[in-house]
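Chain by chain, the residues:
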Amino acid sequence: MKILKIPFLFVIGITLINSCKKENEPTAVDFLTSGIWHIVEHQVDYNNDGDLIDEDDNALTDCEIDNLYIFNSGGEFIIDYGANICGPTQQRDTGTWLLLENGNFLSYSIVNNTDTVRVHELTNIKMELHEIEDEITKAIIIFEK
């Protein structure tokens, strides 16, 4: 009987370990598509000094603050420009998006513009994107829900 106890205890142990695993942990796609995003910070290295902290590099405009960004699970996204529209444009634009390289890059196309940015951080409430040229960060955009 001792021989049967060891395999039985092994099977019980494996079952207990497997039952403790988290199921359905959220993915980058889940984070991206689970709500409405808005820009809280937009920095551009206008003076090409490699420092995005300069006051001169703040690119967040009044007309961007009320923009809403919605990423749908089918690969479509919507920008609603809110009440304060920047320049001559319509109220909403639609485009497409795709996460690349295990969620490390976000590729998007909208209004005849296609770009890919590095995903620096993506959680359920915050997304930080970096635009990189020649291995130098040229812009940072931070979104929150």
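As shown above, the structure is provided for reference.
Residues numbered from 1 in each chain as written. Predicted model: local features only at pLDDT ≥ 70, side-chain atom pairs only at ≥ 80, totals over all residues. Heavy atoms only, no water.

Caption draft 1: Quick look at the environment of Leu-122. Relative to the elements of secondary structure, Leu-122 occurs in strand β6 (residues 113-122). Residues within four places of Leu-122 in sequence aside, it is in contact with Ala-28, Phe-31, Leu-32, Trp-37 and Met-127. (Helix = DSSP H or I, 4+ residues; strand = E, 2+ residues; numbered from the N terminus. Contact = heavy atoms within 4.5 Å.)

Caption draft 2: Up close: the sheet that holds strand β2 (residues 68-71). Here 8 strands make up a closed barrel; going around it, the order is β1-β2-β3-β4-β5-β6-β7-β8 and the pairing antiparallel. Here the strands of the sheet are splayed against their neighbours by 35° on average, with no regard to which way each runs. Of the strand pairs in this sheet, strand β3 (residues 76-80) and strand β4 (residues 92-100) are connected by 5 bridges, and their pairing is antiparallel. Its bridge partner lying in β4, Ile-78 is registered against Thr-94. (Pairing = 2+ DSSP bridges. Axes fitted to C-alpha atoms, helices over the stretch in contact; angles between N-to-C directions.)

Caption draft 3: Local environment of the pairing of strand β5 (residues 105-110). Strand direction decides the pairing type here: β4 and β5, joined by 6 bridges, are antiparallel. Among the inter-strand pairings, Gly-95 is bridged to a residue of β5, identified as Ile-110. Taken together, β4 and the strand that follows it, β5, pair antiparallel across an intervening segment of 4 residues, in which Glu-101 is found at a positive phi of about 50°. One ladder, built from 6 bridges, connects β5 with β6; its direction is antiparallel. Paired with Ser-109 across the bridge in β6 is Thr-114. Hairpin remark: β5 followed by β6, antiparallel, with 2 residues in the connecting loop; positive phi at Val-111, about 40°.

Caption draft 4: Local environment of the state of the cysteines. Enumeration according to the criterion identifies 1 disulfide in this entry. Paired through a disulfide, Cys-63 and Cys-86 show a sulfur-sulfur distance of 1.7 Å. Handedness here is read from the sign of the S-S torsion; for Cys-63 and Cys-86, about 100°, the answer is right-handed. One end of the pair, Cys-63, is in helix α3 (residues 62-65); the other, Cys-86, is in the loop between β3 and β4, with 23 residues separating them in the sequence. (Disulfide = S-S within 2.5 Å.)

Caption draft 5: Structural context of the packing of aromatic side chains. The full count for this structure, using the stated rule, is 4 aromatic pairs. Taking the centre distance of 5.1 Å and the plane angle of 80° together, the rings of Tyr-69 and Phe-143 count as edge-to-face. In this pair, Tyr-69 sits in strand β2 while Phe-143 sits in strand β8 (residues 136-144), placing the two residues 74 residues apart along the sequence. Phe-143 matches Tyr-69 in its accessibility class, with the two residues each being buried. When the ring of Phe-71 is compared with that of Trp-97, the centres are 6.2 Å apart and the planes differ by 80°; the resulting orientation is edge-to-face. (Phe/Tyr/Trp six-rings, centres within 6.5 Å; stacked < 30°, edge-to-face > 60°. Buried < 20%, exposed > 50% of the residue type's maximum accessible area, 1.4 Å probe, protein only.)

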